[in-house]
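Structural overview for review
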Amino acid sequence: MADNARPSPARDISTDHDLDQPGSERPSKKPRVFLARQACESCRAKKTRKEESFGTVLGFLKRIETKVENLAAAQDPKLPPAPPPHAPPAESQNSLDSSSRDPLGNTPGSQRQDGQAGTPNIDLRTPTVSGGSVYLDDGPDKTPFPFSAHAMLEWEPVRAFLPQEIMNLCHRHGWPDYATALEKERDPIPGLRTPTSHIDPLSTLSISTVRNLCEAYFCSFNLAYPVLDRDFFEARSLAKAVTGGFGYDMESCVVLVVMALGCWGIRALEEAGFHDGSVRMGTLSTAQYMQDGIEGLVFFNEARRRIGLLSNDHGLQNCQFHLLSGIYYSSLLRPVDWWESMSRAANCCMLYYGNNQTSDASETSRDASWTSDMQGRLFWITIMLESVVTEELALPHSRLDTFRDRVPLPRFIELPRADLMTAGSSNQYQHAGSDAKQQAPDVYYHFLSQVAVRNLTTRIKEALYCSHLSGNYPSPGLDAELSQQLERWREHLPCTLNADVEFASSPPSCPRDVLVSPLIRARYLVLRWHLCRPVIHRMLSFPEKRTTRDIERCKDALLTAMKWLHVVRELWLMKSCMPIRYPFCSQLFGQIVLVYCLRFIDDGALAVVLPDGYQQWTLAILELVKDCAPFSPSLYRDSQIAEMMCSRLQEP
């Protein structure tokens, strides 16, 4: 790599690496915590000190793991309290006031015992054991109710208010889960066409075309889900694929699917108006790489043809390929194909962690640490993308969660320069105008925040989505604790990842303004929505148990959903590179279902919970769902049901 190559995230946001180098003039025995405080004013202003935010986020995850499990065990004597193998004593764990935390929000147990800052000792245990929830008593009085937005139609109090024409639509393709049935019946995407000439389309690609397509990918998809390390990709994968003429190897498969996603990235950049020089990338038309109206399908089919001959490869790049393929399918709004790719990526991760010493032994010692860190990054991305689709549709979930205990959060370690130089890469494969150096800290912090949200979402689902014949659910203690943890997560975000729910006051100036900050706000609001839904379920199922506080929680849920719609509209500016568009549409559909139920329920006490402007709000939701309906049979059916509901909601 050239001397002016882009520094990696680890080099940008950490200062500890240079402190231990031979010949350093700084005293080597000073505590690292003290040295960390000597970070430059520029880094402090940007809040990019890796040790601080890393400890804050991981300390937050540890508090969720231990406190929520202890609360659950306290309310059910059959459940043992969560063991805290790396945590402080239980009495200090329950105290989260300022006396037990430093100004960054770290608990005393978030520092390593050897005095090094930045590598907290935390327990990332899975919230399930033996295939069941640690929070649910599987006795006759407790019954889990669906978390899926589509499955809100199955809620007993909701089903009672559905008109017959809607029930007919639901039963036509299988009740209760018509969405999964429709998606499973879809035809596969078109395969390779018989060439009309003897010219290989890949042989005519120029270096600038390849480079610009890859740049479009890194400016879009890789911001939210950093599947690829750009240094490694440019030095090894891209260099080998281009110099080898896109042969039958994993590097070519990865580069081809990146180019396919780059076509979607260019389309997304054009949607947001960034094609006018806001992103430093050459002008490129992707129409020639479309097939059957699908962006980048020419490249994707070439990748699929090659991967068929590499089925025995389960290494890191194979895992990256399946993750990227899943993201490509998600852009096509094909959730079952998306899930299938995630399952294959999960298998790669499980094979790695089932025998990780053997995997690392094939690498040099320095490269092994990078490999382990990158594999950890892929592990958590797989967890996030697999969970969001299996929670919405009735699709099997892999056992990847069982490896949480042994997989630390990634630190975005830099691949050593010596290992990059061995690839013999040339500057011709690097894009001179890349702004990845400025984006690196945001990608790192955004990634950690997404993992925290994923863990919190899992705990909300496991702890609160369970009904009881007595009507005494959800647990007030668990509800309050999870709500507090969500607010603490929001408070500990760096200033560059502001989760302020107020609407954007100025148009976005770069892709980050669309794909990073709004996504953080959207995740915060949707978690508040998920926290309120169990209360609404009980309020509808047991009206005699309804309290004034329940009414207020229902109002808050609907107002939160209205704010969430505004944030989703920001994300819609680059909808072509939003992998979770299908789950978002599903949540929007579920909100219309709930409003419809509250509007026509025969209960005067609930008439006041609908906010002003709810009719216009539901029509705006309908437009977003209809925007995606032509590309997904289940979303098309959702749009039909939602349109029937909205027409009745407009009646006086």
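Right above here is the structure, for reference.
Residues numbered from 1 in each chain as written. Predicted model: local features only at pLDDT ≥ 70, side-chain atom pairs only at ≥ 80, totals over all residues. Heavy atoms only, no water.

1. Regarding the packing of aromatic side chains
What counts is decided by this rule: Each pair of aromatic rings taken from Phe, Tyr and Trp, with Trp reduced to its six-membered ring, is defined by centres within 6.5 Å and is described as stacked if the planes are under 30 degrees apart, edge-to-face if over 60, and tilted in the remaining cases. Helical segments are the DSSP runs of H or I of at least four residues, strand segments are the runs of E of at least two, and each set is numbered from the N terminus. Relative accessibility under 20% of the residue-type maximum defines a buried residue, over 50% an exposed one, and the middle range a partly exposed one, all with a 1.4 Å probe and only protein chains included. In this scheme, Lys NZ or Arg CZ marks a charge over a ring once it lies within 6 Å of the ring centre and within 35 degrees of the ring normal.
Per the stated rule, a full pass over the model turns up 20 aromatic pairs. Ring plane angle 80 degrees and centroid distance 5.7 Å describe the contact between Tyr353 and Phe379, whose orientation is recorded as edge-to-face. Here Tyr353 is found in helix H15 (residues 335-354), whereas its partner Phe379 is found in helix H17 (residues 365-392), with 26 residues between them in sequence. Owing to a relative accessible area of 4%, Tyr353 belongs among the buried residues under this scheme. Here the aromatic rings of Phe412 and Phe447 are separated by 5.6 Å at their centres, their planes lie at 65 degrees, and the arrangement is edge-to-face. Of this pair, Phe412 sits in the loop between H17 and helix H18 (417-421) while Phe447 sits in helix H19 (residues 436-464), and the two are 35 residues apart along the sequence. Each member of the pair, Phe412 as well as Phe447, is classed as buried. Ring-pair connections join several aromatic residues into one group, and the members of that group are Phe145, Phe147, Trp155, Tyr465, Tyr473 and Phe542. Above the plane of the ring of Phe600 lies Arg599, whose end atom (NZ or CZ) is 4.8 Å from the centre. Residue placement shows Arg648 over the ring face of Phe600; its charged tip is 4.2 Å from the ring centre.

2. Focus: the pattern of salt bridges
Applied cut-off: One speaks of a salt bridge when a side-chain nitrogen belonging to Lys or Arg is within 4 Å of a carboxyl oxygen belonging to Asp or Glu.
Enumeration according to the criterion identifies 21 salt bridges in this entry. Across the salt bridge formed by Glu302 and Arg306, the nearest N and O atoms sit 2.7 Å from each other. With Glu302 and Arg306 both in helix H13 (residues 297-307) and four residues apart, the pair spans about one turn of that helix. One exposure class covers both Glu302 and Arg306, and it is buried. Salt bridges sharing partners connect three or more residues here, namely Glu215, Arg230 and Glu234.

3. With respect to unusual backbone geometry
Of the consecutive residues Tyr473 and Pro474, the connecting peptide bond is found in the cis state with omega at -10 degrees. Positive phi, close to 60 degrees, is recorded for Leu333, a residue that is not glycine. Of note, Leu333 is situated in the loop between helix H14 (316-331) and H15. The phi dihedral of Phe412 is positive, around 55 degrees, even though this residue is not glycine. By relative accessible area, which is 2% here, Phe412 ends up buried.

4. Some details on the side chain of Glu386
Our working rule: Charge counting follows a simple rule: Lys and Arg are positive, Asp and Glu are negative, and His as well as the terminal groups are ignored. Note on definitions: a residue-residue contact is assigned when non-hydrogen atoms from the two residues lie within 4.5 Å.
On the secondary structure map, Glu386 appears in helix H17. Despite being buried, Glu386 has no salt bridge partner; Arg404 is the closest side chain of opposite charge, sitting 8.5 Å away. Once residues within four sequence positions are removed from consideration, Glu386 is found in contact with Met342, Ser343, Ala346, His397, Ser398 and Leu400.

5. Digging into the packing of helix H9 (residues 207-218) against helix H11 (residues 230-243)
Applied cut-off: Interaxial angles span 0 to 180 degrees and are taken between N-to-C directions of axes, which are lines fitted to C-alpha atoms, for helices over the stretch in contact. With the far helix as reference, a near helix turned anticlockwise by less than a right angle produces a left-handed crossing, and one turned clockwise produces a right-handed crossing. The residue classification treats Ala, Val, Leu, Ile, Met, Phe, Trp, Tyr, Cys and Pro as nonpolar and Asp, Glu, Lys and Arg as charged. All others, Gly included, are polar.
The geometry of H9 relative to H11 is characterised by a closest axis approach of 13 Å and an angle of 145 degrees between their N-to-C directions. Once H9 is placed against H11, the crossing between them reads as right-handed. Side by side, H9 and H11 meet where Ile207, Val210, Cys214, Glu215 and Phe218 of the first sit next to Arg230, Phe233, Leu238 and Val242 of the second. Here the residues of the contact of H9 with H11 sort into seven nonpolar, no polar and two charged.

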